[in-house]
Amino acid sequence: MMKASMIRAVLGLLAAACTVLGAGPAAAQDTAPARAALEQAAEAMGGLDRLRGLDNVVMTGFGQRVYYDGGGFITGDEHAPPKWISVTDAQRTFDLANHRALNQERRSMQFPFAGFFGLDFKRNASLQTGSELLDHPLPALLAALDPATKLGSVTTDEGAIVVEFTIPGSRSPAWIGIDPRTHLPKFTRWISGHPNLGEVTTTAWFTGYLPFGGVQLPMGLMNQMDWRNQTSLMFQVDSYRLNLDEAQLPVFPAPAPAPAAAPVTAKVTRLADGVWDVRTGTAGGPVIEFARRLVMFEAYGGEAQTLARIDAANKLVPGKKVEAVIVTHHHFDHTGGIRAAVSRGLEVISKRGNEGIIREMVTRPAVYYPDALARNPHDLAFTPVDEKLVLEDPVRRLEIYHTLEHSHMPDGVFAYLPKERIMMEGDFGDEAWQLHFWGGALAANIKHYGIDPLTDVSVHGSGPLTIAQTLANDQKQIDAAKEWCRTTQAGGRYAFGCPVQYDTTGPVPLEAR
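A quick note: this is a predicted structure, and the numbers were derived from the prediction, not measured. Residue positions are given per chain, counting from 1 as you read along its sequence in written order. In keeping with the predicted nature of the model, local features appear solely for residues at pLDDT of at least 70, side-chain atom pairs appear and are counted solely at 80 or more, and the whole-chain, interface and lining totals rest on all residues. Side-chain descriptors were evaluated using all non-hydrogen atoms of the structure, hydrogens and water having been removed beforehand.

**Focus on the sheet that holds strand E22 (residues 422-425)**
Remark on secondary structure: sheet strands pair via backbone hydrogen bonds, oriented parallel or antiparallel. For two strands to be treated as a pair, DSSP must find no fewer than two bridges joining them. Only DSSP runs of H or I covering at least 4 residues are called helices, and only runs of E covering at least 2 are called strands; the numbering of each starts at the N terminus. Taken together, the 6 strands give an open sheet; going across it, the order is E19-E20-E21-E22-E23-E24, and neighbouring strands pair in mixed fashion. Each having just a single partner strand, strand E19 (388-392) and strand E24 (465-466) make up the two edges of the open sheet. By the bridge criterion, 4 bridges tie strand E20 (residues 397-402) to strand E21 (residues 413-417) in an arrangement that is antiparallel. From the neighbouring strand, His402 faces E21, where its bridge partner is Val413. In this analysis, two residues are considered to be in contact whenever any of their non-hydrogen atoms come within 4.5 Å of each other. To obtain each axis, a line is fitted to C-alpha atoms, and for helices this fit is confined to the stretch in contact; angles are then taken between N-to-C directions over 0 to 180 degrees. Sheet contacts for helix H9 (residues 441-449): E20, E21 and E22; angle to E20, the most-contacted strand, approximately 115°.

As structure tokens, then:
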């Protein structure tokens with residue numbers, strides 16, 4: 001930590017710089033310390049004129065990204081082992097003259113995944129503008145020094161001099177932390193909206209500066225979220241190239257047009273008396289009628305999808321509204337609509353072990369990027385499931401069970417209507433999956449709990465299928481996973497999840513080795 005005397009000395013220098021810049025309008029005087037600190041950082045990086053004279057910088061390297069911002073681990077416990085995504089063949093081209101970057105990288109999941117698309121190291125490309133450029137000190141510093149940027153206060157944090165700034169078009173401020181010893185940027189920090197977490201503040205840390213063409217640039221980049229201090233990116237640079245000829249640069253795609261604000265619509269399919277499948281696109285689940293209320297299965301996707309399903313369900317039975325939602329597990333795709341559901345006052349029913357992470361989701365603020373819960377706050381009403389929970393009244397009996405033998409979600413639940421013989425589940429399977437690594441779970445849970453479903457309604461997919469169809473799909477995907485493991489191993493690769501441990505009947509026999 002920087003000593004208090006050193007911090008005071010640095011702030012004193014900044015105050016002196018304000019005086020040197022001369023008296024003027026109050027607003028100009030207020031920004032002088034911030035500008036002085038930023039210009040000192042620019043000088044340490046190679047000089048402001050040199051930085052502004054750069055047309056492009058190309059960075060290459062490798063690293064890891066966290067899966068689903070940390071919301072895709074096997075449980076929602078903060079000590080659950082992380083899941084990582086490998087990043088190789090990474091190249092980020094900063095087109096500084098046009099305030100944009102093109103990020104290109106190959107990715108592969110470091111855990112079993114449901115499709116080749118998550119495991120094949122396909123090269124991805126994304127165009128980045130605005131706040132997406134703030135995770136590297138060079139574009140961040142140039143953005144902070146742009147005449148159109150609004151400069152704010154100068155404070156101290158993490159042993160650094162911190163300058164607040166707001167780039168044009170942003171709803172929220174950002175910060176750049178400057179090391180008082182080297183005057184080089186130590187970190188940047190910015191705020192973004194998040195469907196599960198309200199808002200997230202991310203800090204990008206910069207280490208290992210080296211000179212390239214007279215410009216000091218960091219070799220180590222690491223991003224960290226303010227939620228659980230979750231590291232979201234670890235990246236090691238292996239090269240920088242400055243002011244390359246156009247022939248060596250990638251072609252930047254044209255900016256994608258802003259998506260039309262088309263309303264999300266829900267499709268309603270009757271499954272039985274008082275039971276409907278309510279789905280948006282290829283995701284959804286049943287809505288079940290009880291004597292005084294409706295209960296919805298899953299809050300999948302996001303705010304728009306969940307509110308569309310609730311609104312559609314509320315039109316099904318005059319005088320009855322959705323008052324509760326069953327959440328199969330904590331994964332961020334399956335809880336993307338939790339904040340929206342709670343904004344409508346819905347009770348949340350899930351495995352007891354999910355309460356902590358769900359409570360974290362719905363109690364985080366969304367000040368700069370308000371969502372449905374920020375606009376209509378409600379406290380969380382949580383009902384836990386241990387091994388079994390029964391919802392029953394004169395109209396309906398619904399059984400909710402803890403999911404067993406499921407490596408993807410140990411704290412999962414599924415539900416069953418015994419009279420209608422309808423099972424509803426999330427991530428037991430999906431007709432669109434290409435691979436399946438936990439395919440024994442469906443049959444294992446049916447057998448363990450002694451239930452006898454005819455119909456399976458998966459959160460993922462087109463809608464209800466027979467149990468036989470679901471098992472057939474699962475086995476086809478299991479066989480594909482076995483073949484993928486065989487071919488990758490034959491090629492000298494030992495992939496995560498291989499060899500496959502389950503088929504639809506349960507654990508497969510082990511081979512002596």
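**Digging into empty space enclosed by the protein**
Site definitions follow a grid-based scheme: protein atoms alone, a 1 Å grid, a 1.4 Å probe that fits but cannot get out for cavities, and for pockets an open set with protein on both sides within 12 Å along at least five of seven lines, plus lining residues having an atom within 4 Å of a point. Grid points are joined across faces, edges and corners, and a volume is the space filled by probe spheres set on the points. Inspection of the entire model under this criterion finds 2 cavities of 30 Å³ or more. In this structure, the largest cavity occupies an estimated 80 Å³ of space. Counting only elements with at least two residues in the lining of the largest cavity, the list comes to strand E23 (455-458) and helix H10 (467-490). When residues of the lining of the largest cavity are assigned to their parent elements, the largest contribution, 3 residues, is made by H10.

**Description of the side chain of Asp277**
Relative to the elements of secondary structure, Asp277 occurs in strand E13 (residues 275-280). Among the polar contacts listed, one links the side chain of Asp277 to the side chain of Arg279, at a separation of 2.9 Å. Beyond its immediate chain neighbours, meaning those up to four positions away, Asp277 contacts Lys267, Val268, Thr269, Leu271, Gly285, Pro286, Val457, Gly463 and Pro464. Distance and chemistry together define a polar contact, namely a pair of N or O atoms within 3.5 Å, with one atom able to donate a hydrogen and the other to accept it when in protein, and with adjacent residues in sequence counting only for side-chain atoms on both sides.

**Comments concerning the confidence of the model for the chain**
Looking at the chain, pLDDT values average 93 and 94% of them are 70 or higher. Note that pLDDT drops below 50 for residues 1-10; the model gives that stretch 10 contacts with residues more than four away or on any other chain. Below a pLDDT of 50 lies the segment residues 13-29, which in the model reaches 12 contacts outside its immediate sequence neighbourhood of four places, other chains included. Every residue carries a pLDDT, the predictor's confidence in it, which falls somewhere between 0 and 100.

**Details of the packing of aromatic side chains**
Pairing of aromatic side chains here covers Phe, Tyr and the six-membered ring of Trp, requires ring centres within 6.5 Å, and sorts the geometry by plane angle: under 30 degrees stacked, over 60 edge-to-face, intermediate tilted. For the structure on display, the rule yields 14 aromatic pairs. Pairing Tyr67 with Tyr68 gives two aromatic rings, centres 5.4 Å apart and planes at 70°, and the pair type is edge-to-face. Using a relative accessible area of 13% as the deciding quantity, one classes Tyr67 as buried. Taken together, a centroid distance of 5.7 Å and an interplanar angle of 75° make the contact between Phe414 and Phe428 edge-to-face. Note that Phe414 is positioned in strand E21 and Phe428 in the loop between E22 and H9, a separation of 14 residues in sequence. Neither residue differs from the other here; Phe414 and Phe428 are each classed as buried. Aromatic rings pair up to connect Tyr67, Tyr68, Phe111, Phe113, Phe117, Trp227 and Phe332 into one cluster. Across from the ring centre of Phe111, 4.9 Å away, lies the NZ or CZ of Lys83, which sits over that ring. Each residue is assigned to one of three classes by its accessible area relative to the maximum for its type, calculated with a 1.4 Å probe on protein chains only: buried under 20%, partly exposed between the two thresholds, exposed over 50%. Note on criteria: charge over ring means Lys NZ or Arg CZ within 6 Å of the ring centre, with the direction from the centre no more than 35 degrees off the ring normal.

**A few points about the pattern of salt bridges**
For salt bridges, the criterion is a side-chain nitrogen of Lys or Arg within 4 Å of an Asp or Glu carboxyl oxygen. All chains considered together, the criterion is met by 23 salt bridges. Two residues, Glu105 and Arg107, come together in a salt bridge whose shortest N-O distance is 2.6 Å. Under the relative-accessibility criterion, Arg107 is labelled partly exposed at 32%. For Asp277, the salt bridge is made with Arg279, and the minimal N-O distance between the two is 2.9 Å. Per residue, the accessibility class of Asp277 equals that of Arg279, and both read buried. Connected via shared salt-bridge partners are Arg65, Glu105 and Arg107.

**Notes on the pairing of strand E17 (residues 347-351)**
For E17, the tally of buried residues reaches 5 of 5 residues, placing the bulk of the element in the interior. Of the pairings in the sheet, the one linking strand E16 (residues 322-326) to E17 comprises 3 bridges and is parallel in character. For Ile326, the partnering residue across the bridge sits in E17 and is Ile349. Between E16 and its parallel partner E17, the chain crosses via helix H6 (residues 338-343), and the hand of that crossover is right-handed. Crossover handedness is defined here as right-handed if the route from the first strand over the helix to the second strand goes clockwise, with the strands pointing away from the viewer.

**Concerning the sheet that holds strand E7 (residues 174-178)**
Spatial ordering of the open sheet is given by E4-E3-E2-E1-E11-E10-E9-E8-E7-E6-E5, a layout of 11 strands whose pairing is antiparallel. In the strand order of this sheet, the two ends are held by strand E4 (123-128) and strand E5 (150-157), each with one partner. On average, each strand axis in the sheet is inclined to that of its neighbour by 20°, with strand direction left out of account. Pairing analysis gives 10 bridges linking strand E1 (residues 56-66) to strand E2 (residues 84-95), with the strands arranged antiparallel. Looking at E2, one finds that Gln64 is bridged to Ser86.

**Looking at the state of the cysteines**
By convention in this document, the label disulfide applies to cysteine sulfur atom pairs within 2.5 Å. For the structure on display, the rule yields 1 disulfide. One disulfide in the model links Cys485 with Cys498; its S-S distance is 1.9 Å. Because the sign of the S-S torsion sets the handedness, a value of about -75° for the bond joining Cys485 and Cys498 places this disulfide among the left-handed ones. Note that Cys485 is positioned in helix H10 and Cys498 in the loop between H10 and strand E25 (502-503), a separation of 13 residues in sequence. What makes Cys498 partly exposed here is its relative accessible area of 24%.

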